[in-house]
Amino acid sequence: MTILLTGGAGYIGTHTCVALLELGYDIIVADNYINSTPLAIDRVKEITGKNFKSYDVDVCDIPGMERVFEENKIDAVIHFAGLKAVGESCAIPLRYYRNNLDSTLTLLECMQKYGVRNFVFSSSATVYGTSQNMPLDEKEPTGCTNPYGWTKYMIEQILRDTAAADPEFSAVLLRYFNPIGAHESGLIGEDPNGIPNNLMPRILNTAAGKMKALTVFGNDYPTPDGTGVRDYIHVCDLAEGHAAAIKYAVEHKGAEAINLGTGNGYSVFEMIHTFEEVNHTPVPYTLEPRRPGDIATCYASPEKAEKCLGWKAKRGLAEMCRDAWNWQQKNPNGYKA
Ligand code: NAD
Ligand code: UDP
């Protein structure tokens, strides 16, 4: 069985490439490297000892994508390709709508033309908006607070409509919580462009001495220690969730939203302390006011994933912190030499 991974050179894509290759799937990657590098593909090959085709193509480019479908017999698609920075999406919303929606439409039209009907989509817990009903389950109403989130919301709807119009089509809408960590080899990991916004890359930058101190945004939330609580999930667990979703898509028809989270919430202070303890490395921090737009608490109900996919996250917070630091130490400047 051959799976096309759009955005397969990115952070979650590379880890999913490894998981799928290790399970014996054939894969093809389509990526324009707008937020990644071909070196990441070389690292996937190094880890797995397996070869596969990768196309340098913009997924919005119809002739370019038709070539990918023409030259390969594709059975299923995982659509990671997309722009993902929340703040940037508020500054340049049209670029986000154009890239994220156009790439999805091009892909779906190619799939229709070439008779491919299994689709797994990188959605996000951000579609739950400001909901406070924890744990979040998939029945919770959706609605977003920024253009990035709206692209996920709209694509979910496009996929539901596509499935409604074609009884043979299946789409699994994977709503990721907070992926962190890296492959245990330290050969692939998250390599954010510029100054990162997310907590773990900022902890890594602080531990590595690139930032003097981590800014903790708010210690007055209604949480056990006052800092924000999130459902952090090891990227390798997340990757394995995609393999389970592919199997589900092949065996079921229709569109299904499924959370990929652990069901555990950890605070910013718990993250800092676990990181320091596991890696014997200090993470100095300063307390700052809340970051605008942040919610206090967000964690998943992982029950549907367990029931439908037979998948459950296995790796704990210590492993996430250890593997993230291992990647950072082996690649102090990411994939750049
Ligand atoms: P990433 O930026 O590392 O990977 C995305 C990949 O898509 C990159 O390699 C980029 O070059 C490629 N890409 C973007 N637009 C493209 C286009 N038009 N044509 C071809 N390639 C294109 O991001 P990631 O963290 O691996 O995220 C993967 C997906 O998961 C994204 O859709 C993201 O929105 C979603 N997601 C990520 C998170 C997270 O915290 N990382 C959380 C929820 C959802
Ligand atoms: N956070 C923080 N300092 C930082 C970055 C993030 O205190 O430098 C907090 C943030 O307020 C939130 C949590 O860490 O409570 C996770 O933030 P992240 O941006 O990683 O994920 P998201 O808020 O998008 O779920």
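Please refer to the structure placed before this passage.
Residues numbered from 1 in each chain as written. Chains lettered and ligands numbered in written order. Predicted model: local features only at pLDDT ≥ 70, side-chain atom pairs only at ≥ 80, totals over all residues. Heavy atoms only, no water.

Regarding the site of ligand 1
Around ligand 1, 26 residues are found, and the nearest of them are Asp31, Asn35, Ser36, Lys84 and Tyr148. Measuring from a nitrogen atom of ligand 1, one finds a side-chain N or O atom of Asn99 at 2.8 Å. Between ligand 1 and the protein, one listed contact pairs an oxygen atom with a side-chain N or O atom of Tyr148 at 2.7 Å. Alone, ligand 1 offers 820 Å² of accessible surface; in the complex the protein occludes 94% of this. When residues of the shell around ligand 1 are traced back to their parent elements, those giving at least two are helix 1 (11-22), strand 5 (118-124) and helix 6 (147-165). Tallying contributions element by element places strand 5 first for the shell around ligand 1, with 3 residues. Looking at the shell around ligand 1, its residues break down into 12 nonpolar, 10 polar and 4 charged. (Near = heavy atom within 4 Å. Polar contact = N/O pair within 3.5 Å; in protein donor to acceptor, adjacent residues only side chain to side chain. Areas by Shrake-Rupley, 256 points an atom, 1.4 Å probe, with all protein chains shown as cover. Helix = DSSP H or I, 4+ residues; strand = E, 2+ residues; numbered from the N terminus. Nonpolar A, V, L, I, M, F, W, Y, C, P; charged D, E, K, R; others polar.)

So, the packing of aromatic side chains
Enumeration over the complete set of coordinates arrives at 7 aromatic pairs. Here Trp150 and Tyr153 contribute two aromatic rings whose centre-to-centre distance is 4.8 Å and whose plane-to-plane angle is 80°, an arrangement assigned as edge-to-face. Here the residue Trp150 and the residue Tyr153 both occupy positions in helix 6, the gap between them amounting to 3 residues, near one helical turn. By relative accessible area, Trp150 is classed as partly exposed at 29%. Sitting above the plane of the Phe52 ring, Lys45 keeps its charged end 5.1 Å from the centroid. Its guanidinium or amino end placed over the ring of Tyr221, Arg290 lies 4.2 Å from that ring's centre, counting from NZ or CZ. (Phe/Tyr/Trp six-rings, centres within 6.5 Å; stacked < 30°, edge-to-face > 60°. Buried < 20%, exposed > 50% of the residue type's maximum accessible area, 1.4 Å probe, protein only. Lys NZ or Arg CZ within 6 Å of the ring centre and 35° of its normal.)

Structural notes on the packing of helix 1 against helix 2 (residues 38-48)
Contact geometry for helix 1 and helix 2: axes closest at 10 Å, N-to-C directions at 30°. On the basis of the axis angle, helix 1 is roughly parallel to helix 2. For the element pair helix 1 and helix 2, the recorded crossing hand is right-handed. Residues Thr14, Cys17, Val18, Leu21 and Glu22 of helix 1 form the contact with helix 2, whose participating residues are Ala40, Val44, Ile47 and Thr48. Taken together, the residues that form the contact of helix 1 with helix 2 break down as 6 nonpolar, 2 polar and 1 charged. (Axes fitted to C-alpha atoms, helices over the stretch in contact; angles between N-to-C directions. Parallel < 35°, antiparallel > 145°, perpendicular 65-115°, else oblique. Left-handed = near helix turned anticlockwise from the far one by under 90°. Contact = heavy atoms within 4.5 Å.)

Some thoughts on the sheet that holds strand 1 (residues 2-6)
The 7 strands are arranged 3-2-1-4-5-6-11 in an open sheet whose pairing can be described as parallel. The open sheet has two edge strands, strand 3 (53-56) and strand 11 (254-260), and neither has a second partner. Adjacent strand axes in the sheet meet at a mean angle of 20° when their direction is disregarded. Pairing analysis gives 7 bridges linking strand 5 to strand 6 (residues 170-176), with the strands arranged parallel. (Pairing = 2+ DSSP bridges.)

Re unusual backbone geometry
A negative phi holds for most residues other than glycine; trans holds for most peptide bonds. Put simply, Met134 and Pro135 share a cis peptide bond, and its omega is -10°. Within the secondary structure, Pro135 sits in the loop between strand 5 and helix 6. The phi angle at Tyr33 is positive, at roughly 60°, despite the residue not being glycine. Classification of Tyr33 by relative accessible area gives buried; the value is 16%.

Quick notes on the pattern of salt bridges
Following the criterion strictly, the structure yields 17 salt bridges and no others. As a salt-bridge pair, Glu256 and Lys304 come within 2.7 Å of each other at their nearest N and O atoms. Of the two residues, Glu256 sits in strand 11 while Lys304 sits in helix 10 (residues 303-309), which places them 48 residues apart along the sequence. What makes Lys304 partly exposed here is its relative accessible area of 21%. (Salt bridge = Lys/Arg side-chain N within 4 Å of Asp/Glu carboxyl O.)

In short, the description is geometric, and any link to function would need to be established separately.
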